[in-house]
Amino acid sequence: MNLTVYNTFTRRQEPFRTIEPGKVKMYCCGVTVYDYCHLGHARSYIVWDTIRQYLKWRGYEVRYIQNFTDIDDKILNRAKETSSTMTLVANRFIDEYFVDMHRLNVKDADEYPRVTEYIFEIQQLIQDLQKKDFAYATDGNVYYRVESFPNYGKLSGRRLDDMKSGASGRVGTKNGKFTKKQHPFDFALWKSAKPGEPAWDSPWGRGRPGWHIECSAMIHSSLGSAIDIHGGGSDLIFPHHENEIAQSEAAMNEPLARYWTHNGMVMVDGQKMSKSLLNFITIRDLLDGKWFMHPQPVDPMAVRLFVLQAHYRKPLDFTSEALITAENSWNNLKDALLFGPRYGERFAWQTTSSSLITEVVEKFQISGDDDFNFSGSLAVLFELAKELRREANILVHEGSTQKSSVELYSQWQTLVSLAHVLGLDAIPEEKTHNTDTLSASEIEVLIQERHEARKNKNFLESDRIRHQLKEQGINLVDGKDGTRWHRG
Ligand SMILES: Nc1ncnc2c1ncn2[C@@H]1O[C@H](COP(=O)(O)OP(=O)(O)OP(=O)(O)O)[C@@H](O)[C@H]1O
Ligand SMILES: [Zn+2]
């Protein structure tokens, strides 16, 4: 089975062939750093992280670059609102980005170029475009001339003529102000400085880069003129990626990326989760139990599972029910992942050798190779987890297992190692146990809440509470006279 990848550019799933055999150059558009990341960002970076880890597991040497947009009107506005500076706001939210992503087990990129560190490269690229007549300067601004790029619109499938008629009357004015753009879709490569804003000297006067040019310049500097995979959210296809193509391909005379890949949006009530729509939930709030619809801490791995159980290209509705389902699924998977730490000693397992079950690995790979269908790969893992949980149950109740120790060991190893490819790692209890354990009355309250949930047939919630207690080392025994509990 060979890996195939859906290419937004051709609108087809294609065999994966890299520019250099065995090597993948991958770039993904990063965040504009002016606030905490929300669940939409979590999805985007969990998806690219998992794709990257999967490619590595498939034997590729992957070089992965992700930028930070550290200059932008939104950052400047936030700096003004908080009496801070652009640099301080950007640095702060870059730090917060790492805190959140590390919690979600998103591995660091090989490089994180920041726009403000690439001003020279950006200016050089703009000058190249100007020399080739793809760009023109006017009043300290430089614009890209979209009509000079013959296939403008080829990624998004938009035709300039159609767009032009839709946008008639916009040439020359923007928000009622006079501009010198020659076509309504010409876009800024360089913007002249407004008083009080950060600015750099340039051949066109003091100013700062437009948004799209940063990615073209940073890709060329860190990966070269052509890459294998370009990723980002589907909201970036137009105009951002279209403009990246126009800039890079005009300058370099070769296709910028072999595969254009886009993650679907996290949606809330049918709308994209977005800072501007104020319908967002930050990763931080969710994990810390500060989201009012779900006021309990959420295991970061449940969030990761929530993301990976949907195909990366499809929209993903975020609801508290979907979250609880993901938490329950994670608890089940986690129980199986912890089979080794919990019971390995009884079998005197030596954790040095590893023998994975070929058939399971193959099934896992068949799904992953099918345009990174990780939900299919996960289904394979859940099958395995179910068997391990069943054996654990038999072991606890009967003192021995049905399967042999050797068989269980390779099942567990296979599960742990494949789950790790997807970034789903379970930490053994002794490392996570809260030192301030629940008091008896707190436990009784939770048992009562679970009882209510069961009465209302809300089994997702009742299971969640049972697992929450189990996490704290508290086991429930349901009987005719109600539920009893014991520690350990
Ligand atoms: N709701 C979402 N679902 C999935 N991916 C998203 C979502 N929102 C943003 N992204 C992706 O996250 C990455 C970083 O986005 P960026 O910092 O530009 O945020 P943004 O789109 O401006 O967010 P917002 O609209 O909330 O301001 C991009 O690849 C973008 O496509
Ligand atoms: Zn970009």
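What you see is a predicted model, and the numbers here were worked out from it, not measured in a lab.

When cut into domains, the chain gives domain 1 (4–263), domain 2 (267–421) and domain 3 (440–487). Here domain 1 and domain 2 have C-alpha centroids that lie 33 Å from each other. Counting from both sides, the interface comprises 37 residues of domain 1 and, opposite them, 37 residues of domain 2. Between domain 1 and domain 2 lies a buried interface of about 3500 Å² when both sides are counted; carbon and sulfur atoms form 63% of it. Contact with domain 2 buries surface across domain 1, with Leu39, Arg43 and Tyr54 losing the most and accounting together for 21% of the total. Inspection of the region where domain 1 meets domain 2 yields 6 salt bridges. At 14 residues, the largest contribution of residues to the side of domain 1 that touches domain 2 is made by helix H1 (residues 39–57). Of the residues belonging to the side of domain 1 that touches domain 2, the class tally is 17 nonpolar, 12 polar and 8 charged.

Counting 137 residues, the largest nonpolar core has Leu55, Tyr144 and Phe318 as its most contacted members. Element by element, the count of residues in this core is highest for helix H13 (residues 374–398), at 10 residues. In terms of domain composition, this core takes at least three residues from each of domain 1 (4–263) and domain 2 (267–421). Leaving out residues up to four positions away in the same chain, Phe318 has contacts with Leu39, Val266, Met267, Met273, Ile281, Leu286, Trp291, Phe306 and Leu323. If you look at the next biggest cluster of nonpolar residues, it comprises 8 residues, including Ile447, Ile465, Leu469 and Leu476.

Here we take up the pairing of strand E3 (residues 23–28). One ladder, built from 6 bridges, connects E3 with strand E4 (residues 61–66); its direction is parallel. Across the sheet, Lys23 pairs through a bridge with Glu61, a residue of E4. Pairing analysis gives 3 bridges linking E3 to strand E11 (residues 227–233), with the strands arranged parallel. Bridge assignment links Met26 to a residue of E11, and that residue is Ile229.

Going through the model one piece at a time under the given rule, you end up with 32 aromatic pairs. An aromatic cluster is built from Trp48, Tyr54, Trp57, Tyr312, Phe364, Phe372 and Phe374, whose rings are joined through pairwise contacts.

For the rest of this paragraph, the subject is the UniProt feature "binding site: Zn(2+)" (unreviewed entry) in the chain. The feature "binding site: Zn(2+)" (unreviewed entry), as given by UniProt, occupies Cys29, Cys215, His240 and Glu244 in the numbering adopted here. A maximum C-alpha distance of 10.8 Å is found for the annotated residues, which run over 216 residues; spatially they form one tight group. Its place among the elements puts Cys29 in the loop between E3 and H1. Given the relative accessible area of 5%, Cys29 is considered buried.

Each value, and the rule that gives it
- Residues numbered from 1 in each chain as written.
- Chains lettered and ligands numbered in written order.
- Predicted model: local features only at pLDDT ≥ 70, side-chain atom pairs only at ≥ 80, totals over all residues.
- Heavy atoms only, no water.
- Domains from an automatic or database assignment.
- Contact = heavy atoms within 4.5 Å.
- Buried area = accessible area lost by both parts, 1.4 Å probe.
- Salt bridge = Lys/Arg side-chain N within 4 Å of Asp/Glu carboxyl O.
- Helix = DSSP H or I, 4+ residues; strand = E, 2+ residues; numbered from the N terminus.
- Nonpolar A, V, L, I, M, F, W, Y, C, P; charged D, E, K, R; others polar.
- Core = buried A, V, L, I, M, F, W, Y, C linked by side-chain atoms within 4.5 Å.
- Buried < 20%, exposed > 50% of the residue type's maximum accessible area, 1.4 Å probe, protein only.
- Pairing = 2+ DSSP bridges.
- Phe/Tyr/Trp six-rings, centres within 6.5 Å; stacked < 30°, edge-to-face > 60°.
- UniProt positions renumbered as here; feature names shortened; annotations may be inferred.

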